[in-house]
Amino acid sequence: MAYPLAAWRPAIDVRQSRRTYTRAPLTQEQTAKLRRLCKDFRPFDDARVELIEDAGDLFTSDDVGYGRISGARTALVFIGRVKSPQSDLHVGYLGEAAVLEATRLGLGTCWTHRMYSASTVASHVALDYGERVVAASPVGFVPSAPSIGERLQTLSPAATERLPVAGIAESQCLTHSRGMYREPLEAVRRAPSPLNRQVWRFTVEDGCLCLTLAAGQEVTRCPKRIDAGIAMLHVDVAMAATGHEGKWETCGSAPVARWRPRLAVVDDIAEENDRRHPIYT
Ligand SMILES: Cc1cc2nc3c(=O)[nH]c(=O)nc-3n(C[C@H](O)[C@H](O)[C@H](O)COP(=O)(O)O)c2cc1C
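This structure is a prediction, so every number in the text was calculated from the model and none was measured.

A.B. asks: So what exactly am I meant to see when it comes to the layout of surface pockets here?
C.D. replies: It is the rolling of a water-molecule-sized probe over the atoms that shows where space remains empty. Put simply, the largest pocket is a space of about 670 Å³. Surrounding the largest pocket, 33 residues form its lining, Ser17, Arg19, Ala159, Ser193 and Asn196 being those nearest its centre. Secondary structure elements with two or more residues in the lining of the largest pocket: α1 (9-14), α5 (148-153) and α9 (224-241). With three residues, α9 is the largest single contributor of residues to the lining of the largest pocket. In terms of residue class, the lining of the largest pocket is built from 14 nonpolar, 10 polar and nine charged. Three or more residues apiece are contributed to the lining of the largest pocket by two domains, here domain 1 (5-154) and domain 2 (165-271). As a volume, the second largest pocket reaches approximately 280 Å³. At the level of elements, α3 (87-104), α9 and β7 (246-250) are the ones that each hand at least two residues to the lining of the second largest pocket.

Encoded structure:
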């Protein structure tokens, strides 16, 4: 099912990782909307998202460098097929769609790749052969102001501050085709990433927006391709919101993927016409 991606654009600006929850259950409407997303938004066959309604003590682990998630009763779990080469990308894309839908519904979230109990997840979700839980997020009501614990966790600017667009994209990305990539890059800058590592990098090649992943020391074992998938969703959402059509083509490792505008096809046709009928040039 095609989802109205543009409806998630405002959620990109207001989303922030929240780690303290009120224990209040989701409303029936919120639950139904999240369930519908999990069921209907399935563009890939190697990734899916499931909602666990009473997750109990799913988020229990104390994790050095991160802190604790408390009070969450409901969770989104992000599942991928181990052997599929693109599954981490797809988990990132779908997981972030669920996170933005939850944000749109007024709920808090926090991606986590390690602060949950795998055995508790397994008791709530039936995994098919070859599937594994790659990451999860609590989802629920949060106090409007961050708790003391949350404030301590985000005390260091490194935990939340973002690189400028120029730090993630070469300058041509900002000027190409009347600046059509500027707004999607702004949307990517706001994306979540483990320990806020912000590894997305962009270039323009053949009119396409190409996504690569910054090399460098791993600060966490979370696969960078999850971050790439999250960035790809943010680009799609911003493109839809600004009325641009196109689609991602996944590649190998560099670039990981390129977003090809549909307009380029029109440009190609125009070029072909110019070649065949020089009178018009
Ligand atoms: C794939 C992924 C894994 C993450 N894992 C954790 C985690 O294990 N624990 C945690 O507290 N935050 C985790 N985060 C949240 C990041 O720390 C957070 O996104 C980042 O610091 C930026 O802050 P913001 O989300 O509030 O914008 C993760 C984020 C992503 C995208």
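A.B. asks: Explain the site of the ligand to me, please; I cannot follow it from the model alone.
C.D. replies: Taken together, 21 residues lie near the ligand, and Arg15, Ser17, Arg19, Ala159 and Arg162 sit nearest. Within the side chain of His113, a nitrogen or oxygen atom sits 3.0 Å from a nitrogen atom of the ligand. Ala159 is positioned such that a nitrogen or oxygen atom in its backbone is 2.7 Å from an oxygen atom of the ligand. Protein coverage of the free-state accessible area of the ligand, which is 630 Å², stands at 97%. The pocket occupied by the ligand, as judged from atoms lying within 2 Å of grid points, is the largest pocket. Looking at the shell around the ligand, you find at least three residues from each of domain 1 (5-154) and domain 2 (165-271).

A.B. asks: Help me out: how do you make sense of the sheet that holds strand β4 (residues 131-140) in this one?
C.D. replies: What links the strands of a sheet is backbone hydrogen bonding, and the strands pair in either a parallel or an antiparallel sense. Overall, antiparallel pairing links the four strands, which are arranged β1-β2-β4-β3 in an open sheet. Each edge of the sheet is formed by a strand with only one pairing partner; in this case those strands are β1 (47-52) and β3 (108-109). As paired elements, strand β2 (residues 75-81) and β4 share seven bridges and run antiparallel to each other. Residue pairing for β4: Ala75 is matched across the bridge by Pro138.

A.B. asks: Would you mind going over the pattern of salt bridges with me for this structure?
C.D. replies: Working definition: two side chains of opposite charge can pair if their charged atoms are close together. Summed over the entire model, instances satisfying the criterion amount to 18 salt bridges. Between Arg9 and Asp13 there is a salt bridge, with its nearest N and O atoms 3.1 Å apart. Linking Arg9 with Asp13, this pair stays in helix α1, spanning four residues, or about one helical turn. One salt-bridge network, held together by shared partners, links Arg9, Asp13, Glu183, Glu186, Arg189 and Arg190.

A.B. asks: Mind showing me how you'd approach empty space enclosed by the protein here?
C.D. replies: The tally for this structure, following the rule as stated, stands at two cavities of 30 Å³ or more. Of the voids in this model, the largest cavity is the one considered here, and its volume is about 50 Å³. Every residue lining the largest cavity is counted, 13 residues in all, and those nearest its centre are Ala24, Arg73, Thr74, Val139 and Gly140. Tallied by class, residues from the lining of the largest cavity come to seven nonpolar, four polar and two charged. Reported here for the second largest cavity is a volume of approximately 40 Å³. Lining the second largest cavity are Leu37, Cys38, Phe41, Arg42, Arg48, Val49, Leu94 and Ala98. Here the lining of the second largest cavity is built from residues that sort into six nonpolar, no polar and two charged.

A.B. asks: What is the right way to look at α3 in this model?
C.D. replies: In an α-helix there are 3.6 residues to a turn, and that puts residues three or four apart on one side. An ideal rise of 1.5 Å per residue puts 26 Å on 18 residues; α3 measures up with 25 Å between its terminal C-alpha atoms. With respect to burial, α3 is a largely interior element, 17 of its 18 residues being buried. Once α3 finishes, Gly106 follows within two positions and takes phi at roughly 85°, a positive value.

A.B. asks: Please explain the sheet that holds β7 as it appears in this structure.
C.D. replies: Read across the open sheet, the four strands follow the order β5-β6-β8-β7; overall the sheet is antiparallel. Taken across any chain shown, the strands that pair with only one partner, and hence form the sheet edges, are β5 (200-205) and β7. Neighbour to neighbour, the strand axes of the sheet diverge by 25° on average, direction disregarded. When strand β6 (residues 208-213) meets strand β8 (residues 257-261), the two strands line up antiparallel, connected through three bridges. The residue bridging Leu211 from the neighbouring strand is Ala257, located in β8.

Rules used throughout
Residues numbered from 1 in each chain as written. Predicted model: local features only at pLDDT ≥ 70, side-chain atom pairs only at ≥ 80, totals over all residues. Heavy atoms only, no water. 1 Å grid on protein atoms, 1.4 Å probe; cavity = no way out; pocket = protein on both sides within 12 Å on 5 of 7 lines; lining within 4 Å. Points joined across faces, edges and corners; volume = space filled by probe spheres on them. Helix = DSSP H or I, 4+ residues; strand = E, 2+ residues; numbered from the N terminus. Nonpolar A, V, L, I, M, F, W, Y, C, P; charged D, E, K, R; others polar. Domains from an automatic or database assignment. Near = heavy atom within 4 Å. Polar contact = N/O pair within 3.5 Å; in protein donor to acceptor, adjacent residues only side chain to side chain. Areas by Shrake-Rupley, 256 points an atom, 1.4 Å probe, with all protein chains shown as cover. Sits in = over half its atoms within 2 Å of the grid points. Pairing = 2+ DSSP bridges. Salt bridge = Lys/Arg side-chain N within 4 Å of Asp/Glu carboxyl O. Expected span 1.5 Å × (residues − 1). Buried < 20%, exposed > 50% of the residue type's maximum accessible area, 1.4 Å probe, protein only. Axes fitted to C-alpha atoms, helices over the stretch in contact; angles between N-to-C directions.

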